[in-house]
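Summary of the model geometry
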Amino acid sequence: MWAARAGVGAIAALVVLASMGGPVQASPNDEAAPDSTIIILGDYSRVADKFGVRGEHRDRARVLAETPFLTVVHADEHVGDAVADALATVVSAQVRRLGGMGAFATLSLRGLAPGNTSVIIDHVPASRIASVTVDVAQWELGQFERIEVYRGGAPAHLGGGGGSGLGGALHLISPVGRSEDGDRVAVMTSVGAWGTRRLRAWVGDDAAWGRYRVSGGIARARGDFSYFDDRGTMLNRDDDVWRARENNGVAMGDLSLRVASRVAEPATPRATWRVGLRGATRAQGLAGNMSSPAAQTQLATSQLVFDATASKEFSPRWRGQGTAFASGEHQRYRDPAGEVGVGVQDRTYRTGASGTQVTATASGARYRVDASLALRGERFTDRDNLDQARRLDGSRLGGSATLQLAAQLTSWLIIEPSLGVERLHTSSLLDLDTREPAAARRDTFATPRLAMRALATSELQAKASVGGYARTPTLIELFGDRGLVWGNPGLSPETGQSADAGIVWAPAAPARGLDRVLVEAAAFVATAHDTIVWASTNGYVMRPINLGEARLSGLELSWHARLARRVVLAGNYTHLATRQRDTEPSYEGKPLPQRPRHQAYARVDIALHRGAHPVVAMLDVAHASGSYLDAAAAREVPARTLLGAALTARVLATPAHTLDVALHGYNLTNLRVEHLALASPPSPEFATVPRAVMDTAGFPLPGRSWMFSASWHY
């Protein structure tokens, strides 16, 4: 009920705000007149260079055309960074890592659990039947043209039925053809701390039949950074030592081919298509936590994904699109000394998935209707190579239907109601707990949503939405895995409601040297029911259970401004309040773990234009207030502030070639130890104890790091 009341209040506020401005008048810099179809569909023209001559922000048209709150991360603005590094700069986003490059990393939006954020790559869902959490460290930023981060909701075409998760959605888009600057060939290489090495190259061009791009890369790192170890005796400082992280190396590679139709002339009925094939492999050591390090445990992963999308404009009012995909993943997990699990482990995991989605669109001057139907099937196999009788075979079939309407009621008000219905059938041939066939389960979800946009002026827009979400338990949560997890076939699906409201200000023309302004401010609330958490049964084996509610509310503010094409100021701030309400007494009323109440990021870029050889200096700072590592709020994380810097220069510039170099520094203050205040200090001189900096209990993070990158384009 609270979500409905919040949504009604937010929508009422939108109407009041919008009524303050009259009908929007088109200007030469506007993408479209206020009563045109483009207000609904959007015009996604881009500007290739952060310090280019165009005055408006490169994402202005996009953020104004989308009803959800949207942040676009461009790869060319984060040279040398990884995907996880770039995502950490997004408002309301939190990236939690288990170590250095290649170590497992998760993304959460607006304080929700990582599993509540949908992850899609070129319209292909990245989540799997066995695990709902997606590792965002498995990709390099150079693989993608841009990354779209939707907060709170997402367009219907990104997912059927349940739509995006309660937190939002992450969409990674691969490039095809030439770059925005017309380049056809590029080679990028990097070297950095802890033995980090990267090499990436691509070739893309136009052909008589369409466009193509072939790209690939390899990367490796030792990950042997030093960390502080109190040996599990926090109150005894005599045995504290500094160690080098062992068995923390990673080697990975990827290769992809993408082809697409030529870019057709606008305003003409046309058919377009895209086809992609990508493969990736990764071998890494699993170092374990500090109290139980693992010197021999290894995990090897290989993936292959095929996707195809075709669309056709039958007339100016009718359009259809179809997407199909097939993927396979193979993992080999080896723990020969029993360092991580309970006993020696040698297991093979295989996941196969395929699916399709068809969307039909009807649009007019003041409306747009999207109707989509999606089907998906997955198969997961867990084989114990030491005991062939102990295995898990599971499958999941799902279908969903989504209907979304975008209607422009007046010259300044657009509403977008939608309804998704999803049906899932999950079965397992063997329950690892009882070694008996497990009963199949069927889950049905309905996820309504109502969103609105109000155009107060041509530069100021208000947004609001309210809706629901549902997540079915994964196969591992239902039936167990690896001898570390006891399944719980009786788990209930996790459901939730969310609402948000805010404004976007994006001027089209510069004012007194200030241009490319983009400001977003929003408030949000969410509740998750039957929250799925992991509980320890005997100190080693975990069992997923349903708890009660988790309530969240927050405020978010992000800004981006450029001064005289010389200085760029960007940053964001997130205030988050969380509270658990469940049947576990030790959790009742406590904040959710690993959710800082205050989180801020600020960055300044200063450009020196030296003819065709610009030099850009960057300084950024990230701050997070104190939080807790556990649900019982017993293990505190002190506030931390991380400082970074970079220097980028174009050392070669000809009509055909460019060569850029960049030097990045991370955690410049070398923050590796946090000083935790004791609630009951034994003496005034013993009021704090040192502890390694970490995002997750037992997994230290690296200190000062550096990366040198060179990028050649032709």
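None of the values given here were measured: they were computed from a predicted structure.

**A look at the overall build of the protein**
A count of helices and strands for the protein gives five helices and 39 strands. Here the protein holds 714 residues, and 52% of them are scored as buried. Taking the intrachain contacts of the protein between residues at least 6 apart in sequence as the baseline, contacts between residues at least 24 apart amount to 65%. Accessible surface for the protein amounts to roughly 30,100 Å². Of this, 60% is attributable to carbon and sulfur atoms.

**Here's the deal with the nonpolar core**
The biggest cluster of nonpolar side chains holds 25 residues, and the ones touching the most others in it are L87, W139, I147, L170 and L172. Those elements giving two or more residues to this core turn out to be helix 4 (83-87), strand 2 (93-97), strand 3 (105-109), strand 4 (117-121), strand 6 (146-151) and strand 7 (168-173). Looking at which element gives the most residues to this core, the answer is helix 4, with four residues. Excluding anything up to four places from it in sequence, L87 contacts A93, V95, L107, V136, I147, V149 and L170.

**Some thoughts on the pattern of salt bridges**
Under the defined criterion, the tally for this structure stands at 32 salt bridges. Linked by salt bridges that have partners in common, R62, E66, E145, R146 and E148 make up one network.

**Brief notes about the sheet that holds strand 7**
Sheet architecture is open: five strands sit in the order 1-6-7-4-5, paired in mixed fashion. Here the strands that pair on one side only, and so sit at the sheet edges, are strand 1 (69-74) and strand 5 (124-125). Of the pairings in the sheet, the one linking strand 4 to strand 5 comprises two bridges and is antiparallel in character. Bridge pairing in strand 5 places I121 opposite V124.

**Examining the side chain of N247**
Tracing the chain through its elements places N247 in the loop between strand 12 (241-244) and strand 13 (250-260). Under the relative-accessibility criterion, N247 is labelled buried at 17%. Of note is the side chain of N247, whose polar atom sits 2.8 Å from the side chain of Q298. Discounting residues that sit within four places of it in the chain, N247 has contacts with G285, L286, A287, A294, A295, Q296, T297 and Q298.

**So, the side chain of T106**
Assignment of secondary structure puts T106 in strand 3. By relative accessible area, which is 10% here, T106 ends up buried. When sequence neighbours within four positions are dropped, the list of residues in contact with T106 reads Q94, V95, R96, P114, T133, V134 and V136.

**A look at the confidence of the model for the protein**
Of all residues in the protein, 84% attain a pLDDT of 70 or more, and the chain-wide mean is 81. Confidence drops under pLDDT 50 across residues 1-48; counting only partners more than four residues distant or on other chains, this segment forms 106 contacts.

**Notes on a nonpolar patch on the surface**
Judged by side-chain polarity, V214, L255, L257, L277, L304 and F306 come together as a nonpolar surface patch covering roughly 530 Å² of accessible area. Listing elements by their share of the nonpolar patch, those giving two or more residues are strand 13 and strand 15 (298-313). With respect to the element layout, V214 can be found in strand 10 (residues 211-221). Residue V214 is classed as partly exposed on the basis of its relative accessible area, which comes to 38%.

**Observations concerning the packing of aromatic side chains**
We describe a pair of aromatic rings using the distance from one ring centre to the other and the angle between the two ring planes. A complete count under the given rule lists six aromatic pairs for this structure. Centroid distance W194 to F225: 6.2 Å. Interplanar angle 65°. Geometry classified as edge-to-face. Within this pair, whereas W194 is found in the loop between strand 8 (185-192) and strand 9 (196-206), its partner F225 is found in the loop between strand 10 and strand 11 (226-229), the two being separated by 31 residues in sequence. Judged by relative accessible area, W194 falls into the partly exposed class, the value being 27%. Residue F225 is classed as buried on the basis of its relative accessible area, which comes to 0%. Taking 5.7 Å as the distance between ring centres and 65° as the angle between the ring planes, the aromatic pair formed by F228 and W242 counts as edge-to-face. You can see F228 sitting in strand 11 and its partner W242 sitting in strand 12, a full 14 residues away along the chain. On the accessibility criterion, F228 (8% relative accessible area) is buried.

**Some points on the environment of V91**
Following the sequence through the fold, V91 ends up in the loop between helix 4 and strand 2. When its relative accessible area of 3% is taken as the criterion, V91 is described as buried. Distance from V91 to L109, taken between C-alpha atoms, is 8.6 Å for residues 18 residues apart in sequence. Those residues within four positions of V91 in sequence are excluded, and the remaining contacts are T71, R151, E556, L557, S558, N572, Y573 and T574.

**Quick notes on unusual backbone geometry**
If you check the backbone angles, S92 has positive phi at about 65° while not being a glycine. Relative to the assigned elements, S92 resides in the loop between helix 4 and strand 2. Assessed through its relative accessible area of 8%, S92 is described here as buried. Of note, the phi angle at A564 is positive, near 50°, even though the residue is not glycine. Examined against the element boundaries, A564 turns out to sit in the loop between strand 27 (549-563) and strand 28 (567-581).

**Quick look at the environment of D183**
Relative to the elements of secondary structure, D183 occurs in the loop between strand 7 and strand 8. Judged by relative accessible area, which is 14%, D183 ranks as buried. Spatially, the C-alpha atoms of D183 and Y714 are 5.3 Å apart, while their sequence positions differ by 531 residues. Sequence-distant contacts of D183, that is, excluding residues within four places in its chain, are made with R178, W202, G204, H713 and Y714. Separated by 3.5 Å, the side chains of D183 and H713 make a polar contact.

What counts and what doesn't
- Residues numbered from 1 in each chain as written.
- Predicted model: local features only at pLDDT ≥ 70, side-chain atom pairs only at ≥ 80, totals over all residues.
- Heavy atoms only, no water.
- Helix = DSSP H or I, 4+ residues; strand = E, 2+ residues; numbered from the N terminus.
- Buried < 20%, exposed > 50% of the residue type's maximum accessible area, 1.4 Å probe, protein only.
- Contact = heavy atoms within 4.5 Å.
- Areas by Shrake-Rupley, 256 points an atom, 1.4 Å probe, with all protein chains shown as cover.
- Core = buried A, V, L, I, M, F, W, Y, C linked by side-chain atoms within 4.5 Å.
- Salt bridge = Lys/Arg side-chain N within 4 Å of Asp/Glu carboxyl O.
- Pairing = 2+ DSSP bridges.
- Polar contact = N/O pair within 3.5 Å; in protein donor to acceptor, adjacent residues only side chain to side chain.
- pLDDT = per-residue confidence, 0-100.
- Patch = residues over 30% accessible without salt bridge, like charges linked within 9 Å, V, L, I, M, F, W, Y side chains within 5 Å.
- Phe/Tyr/Trp six-rings, centres within 6.5 Å; stacked < 30°, edge-to-face > 60°.

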